[in-house]
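Here are the chains, one letter per residue:
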Amino acid sequence: MAETEDNQAHLNSLPGYPRQGSIDMLSGDRFYFDSNVVFKMPADVFQGVANDPLALSKYVTNFINQHYNNQMKRLITLERYYIGDNDIHYWRSHKGKSRADNRIASGIPSYITNIRVGYSLGNAIKFQFNKSDNSGNGDDLTNAITQFNTGADESYHEKVMKKHLSVTGRSFELLYVKQDSTDVAVKALDPSNAFVVYDTTVEQHSLFAVYYYPVTFMGKQQWYVTVYTADNIYYYKSVGAPTIPLEVDHAEPHFFGGVPITEFINNDERMGDWERDLDYIDSYDKALSEMANSQEDFNNAVLVLTGDVETNKDGHPDINRHNLIMWLKPKIVPGMAGVAPTVIQPTASYLAKQLPAADWKQYIDQLMNDIHKYTNTPDVNDANFASNASGVAMSYKLWGSDQERAIAESLYMRGLMRRYRLLGNYWEKEGTISSADEVEYITPLFTPNLPKNDDAIVTNIKALSDTGSFSDETLHDMAEPVTGIKPDEEASRIKDETTNDPNRISMPIDAQPNQGQPVVVDQTQSAATNQPDSAANPPASDTSSAASAANQVNGGGSNGTT
């Protein structure tokens, strides 16, 4: 994840800017009050300017100002932490010039995020077509989804989206038609360069989305601004700064039946996975840095000498530089009249304080334990997190993570379904599928990515098979993690072998697996769909004119994206 290509935005995110290195750690507010608000606009006001890009630009500029000046700092700061540029680098430590002043940034944010991404989406999402009647088997739709996922490298795209969610609490994707073709592609947008504006209803239908980003060429920075409504794309002329008035360049229609930028959210608060624990992360960084400082100061401790140093014939200290030996002699202090002189025996010692290593270790261990606990992130270095632990014991260790994963999957499902509805609208217009309504019968299936025990899986499959109560298709689904063979491929192989060898004894395989059975599109990638716009609100119907397109896309409305 690139932090940002805008140097000014990077500087604005630094604590204490413009006086770099001028912050006191763990003090004061971290972000602005409105650093994470949802942008809203009355639907009737938007309808009055929706088809006039010049009139709309006034509102676009206003929202860009709010996003750049109030929300960018939080987004860039969180992205800085992910790449290891923590606030410890800008700490005002008040160290003397001769004192060690190390700044050690931990990799805790990336550790938590990478585990979350791998756990949630390490296994590809499967897309299952279920329809209660036999009016259609969904072949056209599932084939279109398969081709889209393959062409878009959708599995990797989902991981990028999840990473943005884990870091900033929100992520954005853009559906677009590739240049000089009719193929649809999807692109994850950096949350610091995109936002969606919703209406003021409880469903929060998306009215329009903005994608603005800087490009530096030949030493000159230009900002490009593109606005997406439910029907059109408005391109504005490049400007030297993101917050100045815009001029229209050109416009063109799109055919997605809704705003083609979808916002996904990590939770209702739109917060990252470790954002609540930034104080703990800063404390850990500070503790490690101070430990390194103390160790370095100890190594460079001041040598204190008492007594007289032997001098050579030139009057210089008699030091054997080869063996690093300094010869000291007792110092004689003459006494007063009638008092014998005082002899001070020579001594040499370092002026250093004791390092409380045990206390330090206890402190940083407690910080790390709290970070794991409060972020629900398993500690794989935990002695109790053993490979021979029972499945029940492991389940309890992952119980907290599973609760958050369940919530995140529900919200991610909304974004996926919105993507599907947008694609369904486009494919229907293009003639790829007969009806966009078929998208409602698609169900994304998530499989947590956990260490697997092949022996246990095979044993369970055999036990279920022996009962005679489970279909071959179900057993093939269970066996896929072990064999790596997709269930439909295995069924086809068994059918071919049975046909070629009449004497082969095997369980009967349904010659028409699509009839009365769910069709599974198993991608190495996963397609994300349309979330109800703001991903936080469930789909609902909307009677306003501004939400009509949203209803088409969201199946009756959604939390922010129409």
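Residues numbered from 1 in each chain as written. Predicted model: local features only at pLDDT ≥ 70, side-chain atom pairs only at ≥ 80, totals over all residues. Heavy atoms only, no water.

1. Focus: the packing of aromatic side chains
- One pass over the full model with this rule turns up 17 aromatic pairs.
- Judged by centre distance (6.4 Å) and plane angle (35 degrees), the rings of Tyr 81 and Trp 274 are tilted. Here Tyr 81, found in helix H3 (residues 53-82), pairs with Trp 274, found in the loop between strand S10 (261-265) and helix H7 (278-299); they are 193 residues apart in sequence, far enough to count as distant. Each member of the pair, Tyr 81 together with Trp 274, is buried. (Phe/Tyr/Trp six-rings, centres within 6.5 Å; stacked < 30°, edge-to-face > 60°. Helix = DSSP H or I, 4+ residues; strand = E, 2+ residues; numbered from the N terminus. Buried < 20%, exposed > 50% of the residue type's maximum accessible area, 1.4 Å probe, protein only.)

2. Observations concerning the pairing of strand S3 (residues 170-177)
- Burial analysis of S3 places six of its eight residues in the buried class, which makes it a mostly covered element.
- The pairing of S3 with S10 spans five bridges and is antiparallel. When the sheet's bridge partners are listed, Phe 172 is paired in S10 with Glu 263.
- Pairing geometry for S3 and strand S4 (residues 184-189), over six bridges, is antiparallel. (Pairing = 2+ DSSP bridges.)

3. Considering the confidence of the model for the protein
- On average, residues of the protein carry a pLDDT of 81, and 77% of them reach 70 or more.
- Confidence over residues 507-532 falls short of pLDDT 50; this stretch has 115 contacts with residues more than four positions distant or in other chains.
- Counting interchain partners and residues more than four positions distant, the pLDDT-below-50 stretch residues 534-552 has 68 contacts. (pLDDT = per-residue confidence, 0-100. Contact = heavy atoms within 4.5 Å.)

4. Examining the sheet that holds strand S5 (residues 194-198)
- Pairing in this open sheet of six strands is mixed, and the strands run S1-S5-S6-S7-S8-S9 from one edge to the other. Two strands close off the open sheet at either side, each with one partner strand: strand S1 (39-40) and strand S9 (248-253).
- Where strand S8 (residues 232-239) lies against S9, five bridges are found, and the strand directions are antiparallel. Following the sheet pairing, Tyr 234 is matched in S9 by Ala 251.
- The sheet strands contacting H3 are S1, S5, strand S6 (206-217), strand S7 (220-228), S8 and S9, and the helix crosses S6 at an angle near 70 degrees. (Axes fitted to C-alpha atoms, helices over the stretch in contact; angles between N-to-C directions.)

5. Examining the sheet that holds S4
- An order of S4-S3-S10 is seen for the three strands of this open sheet, with the pairing classed as antiparallel. Unpaired on one side and paired on the other, S4 and S10 mark the two borders of the sheet. Strand-to-strand twist across the sheet, computed as the mean angle between neighbouring axes with direction ignored, equals 25 degrees.
- Lying on the sheet, helix H6 (residues 154-168) is in contact with S3, S4 and S10; it crosses S3 at an angle near 150 degrees.

6. Looking at the pattern of salt bridges
- In total, this model carries 18 salt bridges according to the counting rule given.
- Notably, a salt bridge pairs Asp 279 with Arg 30, separated by 2.7 Å at the nearest N-O pair. On the criterion of sequence distance, the pair formed by Asp 279 in helix H7 and Arg 30 in the loop between helix H1 (7-13) and S1 is long-range, its members being 249 residues apart.
- Between Arg 270 and Glu 263 there is a salt bridge, with the nearest N and O atoms lying 2.6 Å from each other.
- Ionic contacts of the salt-bridge type, sharing partners, join the residues Arg 30, Arg 80, Asp 87, Asp 279 and Asp 282 into one network. (Salt bridge = Lys/Arg side-chain N within 4 Å of Asp/Glu carboxyl O.)

7. Considerations on the side chain of Arg 170
- By the element assignment, Arg 170 lies in strand S3.
- One buried charged residue, Arg 170, forms no salt bridge at all, with the nearest opposite charge on Glu 263 at 5.0 Å.
- Here Asn 36 takes part through its side chain, which lies 2.7 Å from a polar atom of the side chain of Arg 170. (Lys, Arg positive; Asp, Glu negative; His and termini not counted. Polar contact = N/O pair within 3.5 Å; in protein donor to acceptor, adjacent residues only side chain to side chain.)

8. Concerning the pairing of S10
- Burial runs high along S10: five of the five residues are buried.
- Of the two faces of S10, the one lined by Ile 261, Glu 263 and Ile 265 and the one lined by Thr 262 and Phe 264 are each fully buried.

9. Points about unusual backbone geometry
- The backbone of Met 218 shows a phi angle near 55 degrees, a positive value even though the residue is not glycine.
- Relative to the elements of secondary structure, Met 218 occurs in the loop between S6 and S7.
- Under the relative-accessibility criterion, Met 218 is labelled exposed at 72%.

10. Here we look at the environment of Thr 306
- Among the secondary structure elements, Thr 306 is positioned in strand S11 (residues 302-306).
- Residue Thr 306 is classed as partly exposed on the basis of its relative accessible area of 29%.
- Separated by 25 residues in the primary sequence, Thr 306 and Lys 331 have C-alpha atoms spaced 8.1 Å apart.

11. Re the side chain of Glu 290
- Position of Glu 290 relative to the elements: it lies in helix H7.
- A distance of 3.1 Å separates the side chain of Glu 290 from the side chain of Asn 293, its partner in a polar contact.
- Not counting residues within four places of it along the chain, the set of residues in contact with Glu 290 comprises Trp 91, Lys 95 and Trp 360.

12. A few points about the environment of Ala 43
- Residue placement: Ala 43 occurs in helix H2 (residues 43-49).
- Spatially, the C-alpha atoms of Ala 43 and His 205 are 9.2 Å apart, while their sequence positions differ by 162 residues.

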